[in-house]
Amino acid sequence: MEELWGNIWNVISSDFGTGLIGALIGGGFTILGSAWQTRSANKAAERAHTRETARQALATITALSTYAQRRTYIDHGTFEDREEWNHELETQRSTLVSLLALLPDGESQTRSRCIDLLMAIKRWERKVWPEYRIYATFHLAEMALWLAALARGSKPPKKSDVLKEAEKRVISLRREALEYELADLEQRAEDYGLDPGETQRAEDIRTELASPALALPVAEAA
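One numbering rule holds for all chains: residues counted from 1, following each sequence as written. Reporting in this predicted model follows two pLDDT cut-offs: at least 70 for local features of residues, and 80 or more for side-chain atom pairs to be given and counted; totals over whole chains, interfaces and linings ignore these cut-offs and use all residues. With hydrogens and water stripped out, all remaining heavy atoms of the structure feed into the side-chain values.

Attention now moves to the overall build of the chain. If you tally the helices and strands in the chain, you get eight helices and zero strands. Here a helix means four or more residues in a row that DSSP labels H or I, a strand means two or more in a row labelled E, and each is numbered from the N terminus. Listed N to C, the secondary structure of the chain is α-α-α-α-α-α-α-α in terms of helices and strands. Looking at the chain residue by residue over its 222 residues, the buried ones come to 30%. Counting only contacts in the chain whose residues sit at least 6 apart along the sequence, the fraction spanning at least 24 positions is 68%. Here the Shrake-Rupley method, with its probe set to 1.4 Å, supplies the accessible areas, and only the displayed protein chains count as covering residues. Summing over all exposed atoms, the chain offers an accessible surface of approximately 14,600 Å²; the carbon and sulfur share of this is 57%. Relative accessibility decides the category of a residue: with a 1.4 Å probe and only protein chains considered, values under 20% of the type maximum give buried, values over 50% give exposed, and everything between is partly exposed. We call two residues in contact when some of their heavy atoms are within 4.5 Å.

Okay, structure coming up:
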């Protein structure tokens, strides 16, 4: 046995043995280095794919928002008006769902947030167009913030109460329209006087402006 171990030691300590061990160690490090490079390349490719997907989704959101801003439907619109918008909404929604589904599991927070926002945009049925457009574009804008952060490689933004912000904007626009109409009536009252119908309209506007439904938050009302 001692002779056997002695022979083994002689082989190990020889130039051949040293070279063999060095080759084995070097080969091991080469394999590890190659595996590390492969993983790094895969991660880089995944990041690039994720950012490109986010950019594509962002472009789709921008296109839909621009489409909405360019529409000048009156009040509740005609049946054809609503069909036109709803068709565009559903078409782009399908595209966005497909793009969001391509985001990796590591971006599930952004994916879930954007899906929730997208599905919160209802079909145009009851609201007047200017108000509906506010709700739709506010949700699209929030989606754009999240996807832009992902495209930049930044952390996701804080969630905002989109519905509340949209509601505040709608109330603000309603008040502005009523205040403008009331100011016009009051000016006409000074210049020419108002007929009974106009006088009643002015009173109705004052009542509506004082109603809780059009009350702005304290910070905005100030």
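That was the structure; now back to the text.
Before going further, it helps to spend a moment on the confidence of the model for the chain. Looking at the chain, the pLDDT average stands at 83 and 77% of residues meet or exceed 70. Known as pLDDT, the predictor's per-residue confidence is scaled from 0 to 100. Mean pLDDT across the elements of the chain bottoms out in helix α8 (residues 218-221) (44) and peaks in helix α3 (residues 79-101) (95).

What follows covers the packing of α3 against helix α4 (residues 108-119). At a minimum axis distance of 10 Å, the contact between α3 and α4 shows a crossing angle of 170°. Judged by the angle between their axes, α3 and α4 are roughly antiparallel. For the pair α3 and α4, the contacting residues are Arg93, Leu96, Val97, Leu100 and Ala101 in the first and Arg111, Cys114, Ile115, Leu118 and Met119 in the second. Here the residues of the contact of α3 with α4 are counted per class, giving eight nonpolar, no polar and two charged. Simply put, an axis is a line fit to the C-alpha atoms, just over the touching stretch for a helix, and the angle between two N-to-C directions goes from 0 to 180 degrees. Roughly parallel means an angle under 35 degrees; roughly antiparallel, over 145; roughly perpendicular, 65 to 115; everything else is oblique. Basically, the charged four are Asp, Glu, Lys and Arg, the nonpolar ten are Ala, Val, Leu, Ile, Met, Phe, Trp, Tyr, Cys and Pro, and anything else, Gly included, counts as polar.

Attention now moves to helix α7 (residues 196-209). A helix is expected to span 1.5 Å for every residue after the first. Over its 14 residues, α7 extends 20 Å from the first C-alpha to the last, a length consistent with the 20 Å expected when each residue adds 1.5 Å. Within the sequence span of α7, burial applies to Glu198, Ala202, Ile205 and Leu209. On an axial view of α7, the arc spanned by its buried residues comes to 60°, and they lie on one face. Among the exposed residues of α7, those oriented more than 90 degrees off its buried face are Pro196, Gly197 and Thr207. On its buried face, α7 sits against α6 (162-191). For α7, the side-chain oxygen to backbone nitrogen distance between the N-cap and Gly197 is 3.0 Å, and the N-cap itself is Asp195. The arc in question is the one spanned by the directions pointing from the helix axis to the C-beta atoms. Contacts described as polar in this section are N or O atom pairs within 3.5 Å, which, within protein, must combine one atom able to donate a hydrogen with one able to accept it, while residues neighboring in sequence count only if both atoms come from side chains.

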